Amino acid sequence: MAQVVAIINQKGGVGKSTTAISLAASLGDLGKRVLVVDFDPQGNATSGFGVDKDALEADVYDSLMSNVPLADVVVDSPVDGVRVAPATIQLAGAEIELVSVMARESVLRYVLEPVRDDYDYVFVDCPPSLGLLTVNALVAADSLLIPIQCEFYALEGLSKLLESMRMVKGRLNPGLGIFGVVMTMFDARTTLSRQVVEEVRDYFGEQVFQTVIPRNVKLSEAPSHGLPINRYAPTSTGAQAYAALAQEVVAHG
């Protein structure tokens, strides 16, 4: 049965979608079966895999709100073994519509249940907020992968995320844990980046992956080409870093 990992940080621009796409693609190259559930109405993970949103017959919203089986929603990606449950701006409406649904915090968990045996990993790319969509991801997940950018105020707001995690763990999902913390946008030329990594390692200890993702132009360019980094620029430092992270994830178990 797949490990369900929510990729989460309520701050925007920390590399959640880049990590979802690039890590999934690198795990695909290692022969793993991966599903990326785009749970952000912005749909960055969807477009980052080159999925044409206008051509979709159904998306994650339809699975959440109209009982369309997730297996009928997922589409192929450019990487063998990696599939995408796409999102469009329609998903923004679910934040409001879920309020009146019975067991509203657990809808995603029910949606994922029938497909868990089909994959080794399910990554849920969360929106940059702590609203009802993110709560659904917390309830559905076995664990959290937290990207933290190597910039000033990196740890700001994380206490609120961890508080939400503890609340969901206490009331709705007792098994929820932290899969790991990954440092993103690292710039080896700056003292600040090194200090932030040190600070995060002091805070999270061994939960921080050894692999650090560098600030890399190719990583920024890849989504506009609809390709994961290991297909767009396989020899780039960004691709090499996510390949190393994938190895760590597999070793992690």
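None of the values given here were measured: they were computed from a predicted structure.

Analysis parameters
Residues numbered from 1 in each chain as written. Predicted model: local features only at pLDDT ≥ 70, side-chain atom pairs only at ≥ 80, totals over all residues. Heavy atoms only, no water. Helix = DSSP H or I, 4+ residues; strand = E, 2+ residues; numbered from the N terminus. Buried < 20%, exposed > 50% of the residue type's maximum accessible area, 1.4 Å probe, protein only. Contact = heavy atoms within 4.5 Å. 1 Å grid on protein atoms, 1.4 Å probe; cavity = no way out; pocket = protein on both sides within 12 Å on 5 of 7 lines; lining within 4 Å. Points joined across faces, edges and corners; volume = space filled by probe spheres on them. Nonpolar A, V, L, I, M, F, W, Y, C, P; charged D, E, K, R; others polar. Pairing = 2+ DSSP bridges. Axes fitted to C-alpha atoms, helices over the stretch in contact; angles between N-to-C directions. Phe/Tyr/Trp six-rings, centres within 6.5 Å; stacked < 30°, edge-to-face > 60°. Expected span 1.5 Å × (residues − 1). Arc of directions from axis to C-beta.

(A) The arrangement of the environment of Val-74 in detail. Within the secondary structure layout, Val-74 lies in the loop between α3 (60-66) and β3 (75-76). Judged by its relative accessible area of 10%, Val-74 is buried. Remark: the alpha-carbon pair of Val-74 and Thr-134, spanning 60 residues in sequence, is separated by 20 Å. Apart from residues no more than four positions distant in its own chain, Val-74 is found in contact with Leu-35, Arg-83, Val-84, Ala-85, Pro-86 and Tyr-119.

(B) Structural context of empty space enclosed by the protein. A complete count under the given rule lists one cavity of 30 Å³ or more for this structure. Each pocket or cavity is described by its volume, and for the largest cavity that value is around 60 Å³. Lining the largest cavity we find Thr-18, Ile-21, Ser-22, Gly-48, Leu-219, Ala-222, Pro-223, Leu-227, Pro-228 and Ile-229. A total of three residues in the lining of the largest cavity trace back to one element, the largest contributor, which is helix α1 (residues 16-29). Considering only residue class, the lining of the largest cavity consists of seven nonpolar, three polar and no charged.

(C) Summary view of the layout of surface pockets. The space that makes up the largest pocket amounts to roughly 440 Å³. Considering the residues around the largest pocket, the lining is formed by 25 residues, among which Gly-13, Gly-15, Lys-16, Thr-18 and Met-185 are closest to the centre. The set of elements that each furnish at least two residues to the lining of the largest pocket consists of α1, β7 (177-186), β8 (208-214) and α9 (217-221). A volume near 200 Å³ is recorded for the second largest pocket. Lining the second largest pocket we find Leu-130, Val-135, Leu-138, Lys-160, Glu-163, Ser-164, Met-167, Val-168, Arg-171 and Leu-172. Among the secondary structure elements, those contributing two or more residues to the lining of the second largest pocket are α6 (132-140) and α7 (158-171). Examining the composition of the lining of the second largest pocket, we find that six residues originate from one element, α7, more than from any other. The class makeup of the residues in the lining of the second largest pocket is six nonpolar, one polar and three charged.

(D) Representation of the sheet that holds strand β1 (residues 3-7) within the structure. Sheet architecture is open: eight strands sit in the order β3-β4-β2-β5-β1-β6-β7-β8, paired in mixed fashion. Looking along the sheet, the strands with just one partner apiece sit at the ends: β3 and β8. Together, β1, β2 (34-38), β4 (82-85), β5 (121-125), β6 (143-149) and β7 form the strand contacts of α1, whose direction differs from that of β5 by roughly 165°. Strands β6 and β7 of the sheet are contacted by α7, whose axis makes an angle of about 175° with β6.

(E) Broad picture of the packing of aromatic side chains. Taken as a whole and judged by the stated rule, the model has four aromatic pairs. Ring centres of Phe-179 and Phe-209 lie 6.2 Å apart, and the angle between their planes is 55°; this geometry places the pair in the tilted category. Taken together, the positions of Phe-179 in strand β7 and Phe-209 in strand β8 put the pair 30 residues apart, joining distant regions of the chain. For the pair formed by Phe-179 and Phe-209, the shared burial category is buried. The interplanar angle of 65° and the centroid separation of 4.8 Å between the aromatic rings of Tyr-203 and Phe-204 together place this pair among those described as edge-to-face. Its relative accessible area of 46% is what places Tyr-203 among the partly exposed residues.

(F) Region of interest: α7. Helix length check: α7 (14 residues) gives 20 Å between terminal C-alpha atoms against 20 Å at 1.5 Å per residue, within 8%. Turning to α7, its buried residues are Leu-158, Leu-161, Leu-162, Met-165 and Val-168. Projected down its long axis, α7 carries its buried residues within an arc of 120°, all on one side. Turned more than 90 degrees from where α7 packs its buried face, Lys-160, Arg-166, Gly-170 and Arg-171 sit exposed. Where the residues of α7 are buried, they touch α6, β6, β7 and α8 (191-204).

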